[in-house]
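Letter by letter, the chains look like this.
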Amino acid sequence: MSAVLRVAYVTPELSPYAKSGELADVAAALPKYLASLGVEVVVFLPYYRQPELESLEKEVIVSHLPVYLGERVVKGRVWRSTEGRFTLFLIDNPRYFWREKIYGSGKGDYLDNDERFIFFSKAVLETIKLMDKSVDIIHCNNWSTALVPVFLKTLYHRYKIFKRTATVLTLHNVAYQGMFPPESLALTGLNWKYLQSGLVSLNGHFNFLKAGIVYADMLNTVSSSYRRELWTQKHSHGLASILKTRRQELISIRNGIDYELWDPAHDKYIAWNYQPGDLEGKRRNKLDLIEEFQLDLPPNLPLLGTSFYLSERKGIDLLLEAMDELMKLDLGMAILGKGEEIFEQALLSMVKKYPHRLGVRFDWSPALIHKLVAGVDMFLIPSWSEPCGLNQLYGFRYGAVPIVRTVGGLQETVRHVDPQTGQGTGFVFQEHTSLALIRTVREAIRCYRRPSLWQKIVRQSAQLNFSWEIPAKKYLRLYYRALQRAGIQKRR
Ligand code: GLC
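Notes on the structure in this doc start here. Everything quoted here is computed from the prediction, not taken from an experiment.

## Digging into the site of the ligand
Neighbouring residues of the ligand: Glu 22, Leu 23, Val 26, His 172, Asn 173, Val 222, Asn 255, Lys 314, Glu 386, Pro 387, Cys 388 and Gly 389. Between the ligand and Glu 22 there is a distance of 2.6 Å, counted from an oxygen atom to a side-chain nitrogen or oxygen. In this structure, an oxygen atom belonging to the ligand sits 3.2 Å away from a side-chain N or O atom of Asn 173. Here the ligand, which alone exposes 300 Å², has 94% of that area covered by the protein. Grouping the amino acids of the shell around the ligand by side-chain chemistry returns 5 nonpolar, 4 polar and 3 charged.

So this is what it looks like as structure tokens:
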């Protein structure tokens, strides 16, 4: 059977190999679910220096891939691995990608991120040029791949293989735009007029994300609330007016989660497998987590967890501010994170202060994340901004009741519990303050102390369906819309 569509899915992150945020989980799941719909997917990822990538079974398929960066030719290599249901292409250039982190160290971004991701974007197109069949869609994600649509419509326009290719750009978070000095344009090979006309620039910078927004055939965000937020200055980070010009082509598709991977009944990382909604099975995982984090917490007391990129956008400042009060509440807390160094330090000093009740690990290995969701009673997401959020969805499945700020995707996925009726799936707060956070944790604990109410909340949430099945179908429709917009006829 021939594939319904051929898609190149271009991503800077992919779980479990390279993860800085939830995009990595999306990139690992969506291609799989698209493949189940008959789509042939090739995922493109930079070859980072990660032991998991090094040990992956793979072969070199292009040993000298020439990529023009201005006048210079930089060589790359391409590896292929067949990763379950999709093919993975790794773009290899040790100088750019053999580093410890994806975008930068805890102190700031790598200074050559413009060069690294211009190279990656062009290398993707160069690789496709060498394929014997064209792709129908190139699906890009975030600023770091946003130049692909720009290159496709300019420098690569004349190649026959791209004549029937349309582009989609997913905006997972517009707070990160890839802003560089105007001189960076020289690396692309594009003419200065692109900057002067404002097509690829914003406020005097070469802005990768803006450029992608201008050039992609179709755009999407990851929840409808976030799409609405993008019309406001507060959440659009200066992109509201350009986004408004593309309102017709900007749709929203809320992320799903991979139920094959996130299923407590078959999860290979957790201490005890249990059915969603089963609190006894969960209790055993809680004991395991308490041990893992070396906490001294009687298991009848609530254990709160969170896992996030340590930045103000994700609300680490609120949590730190609230910590002393939270620790008075007779609870335990387990935190997983990576991120800005000052917050890592601040968390470490909190652990010194509350060694028995607070545990922190700067680690995002899948095993720990799964253990965390399986072991905690409540999952805290205090984000200032959250385009979608996946942890609340994992929480529903694993009986970790979410406590979230009402913003973006959190707002449309979590319903506040009514303690009278037991209806609801979590606890939400609106104001971005530590007081609101503490008040809501207190409320959640009051409900936790009523076992039958808690059980009802957990069971209700376990019934929810946030699988990728439906969103994947929506992406398929989005791809056909992109083809239509690009004037490409394709029979369904
Ligand atoms: C970004 C957003 C997050 C979203 C994820 C995947 O990390 O901040 O809310 O869930 O992308 O789309």
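Right, picking up where we left off after that structure.
## Some thoughts on the sheet that holds strand S15 (residues 303–310)
The strand order S17-S16-S15-S18-S19-S20 describes an open sheet built from 6 strands, whose pairing is parallel. Strand pairing shows two members of the sheet lacking a second neighbour, strand S17 (358–361) and strand S20 (427–429), which therefore form its edges. Neighbouring strand axes in the sheet, compared pairwise and without regard to direction, differ in orientation by 20° on average. For S15 and strand S18 (residues 378–381), the ladder comprises 2 bridges, and the chain directions are parallel. Bridge pairing in S18 links Gly 305 to Phe 379. Each of S15, S18 and strand S19 (401–405) is contacted by helix H15 (residues 391–398), which is oriented at about 170° to S18, the strand it contacts most.

## A look at the side chain of Asn 141
The topology assignment puts Asn 141 in strand S8 (residues 137–141). A residue is classified by how much of its surface remains accessible, and Asn 141, at 0% relative accessible area, is buried. Here Tyr 9 takes part through its side chain, which lies 3.4 Å from a polar atom of the side chain of Asn 141. Polar contacts involving the side chain of Asn 141 include one to the main-chain carbonyl oxygen of Val 10, which spans 3.0 Å. If sequence neighbours within four positions are ignored, Asn 141 has contacts with Tyr 9, Val 10, Thr 11, Pro 12, Leu 23, Leu 169, Thr 170 and His 172.

## So, the pattern of salt bridges
A complete count under the given rule lists 27 salt bridges for this structure. In this structure, Glu 249 and Arg 246 form a salt bridge, with 2.9 Å as the shortest nitrogen-oxygen distance. Take Glu 249 and Arg 246: they sit in the same class, and that class is buried. Of the charged contacts in the structure, one is a salt bridge between Glu 249 and Arg 485, with a shortest N-O distance of 3.2 Å. With Glu 249 in the loop between helix H10 (240–245) and strand S14 (250–252) and Arg 485 in helix H19 (residues 469–485), the pair connects residues that are 236 residues apart, well separated along the chain. You can call Glu 249 buried: its relative accessible area is 11%. On the basis of relative accessible area, Arg 485 is assigned to the partly exposed category, the value being 47%.

Rules of the game
- Position labels on residues start from 1 in each chain and follow its written sequence.
- Totals for whole chains, interfaces and linings use all residues, but because this is a predicted model, local features are given only for residues with pLDDT of at least 70 and pairs of side-chain atoms are given and counted only at 80 or more.
- As a convention, hydrogens and water are excluded, and side-chain values are obtained from all of the structure's heavy atoms.
- Residues are counted as near a molecule or strand when any one of their heavy atoms sits within 4 Å of it.
- Between N or O atoms, a polar contact is any pair within 3.5 Å; within protein, one atom must be a potential hydrogen donor and the other a potential acceptor, and residues adjacent in sequence are included only when both atoms are from side chains.
- Residue burial considers only the protein chains on display, and all accessible areas are found by Shrake-Rupley using a 1.4 Å probe.
- Here the term charged refers only to Asp, Glu, Lys and Arg, the term nonpolar to Ala, Val, Leu, Ile, Met, Phe, Trp, Tyr, Cys and Pro, and the term polar to all other amino acids, Gly among them.
- Only strands that DSSP links by at least two bridges are regarded as paired with each other.
- The way it works is that DSSP assigns letters per residue, a run of H or I at least four long becomes a helix, a run of E at least two long becomes a strand, and they are numbered from the N terminus.
- In this description, a line fitted to the C-alpha atoms serves as the axis of each element, helices being fitted only across the stretch in contact, and the angle between N-to-C directions of two axes falls anywhere from 0 to 180 degrees.
- Only heavy atoms enter the contact rule, under which two residues are in contact if any of them lie within 4.5 Å.
- For the exposure calls, accessible area comes from a 1.4 Å probe over protein chains only, and a residue counts as buried if that area is under 20% of its type's maximum, exposed if over 50%, partly exposed in between.
- A carboxyl oxygen of Asp or Glu within 4 Å of a side-chain nitrogen of Lys or Arg is what we treat as a salt bridge.

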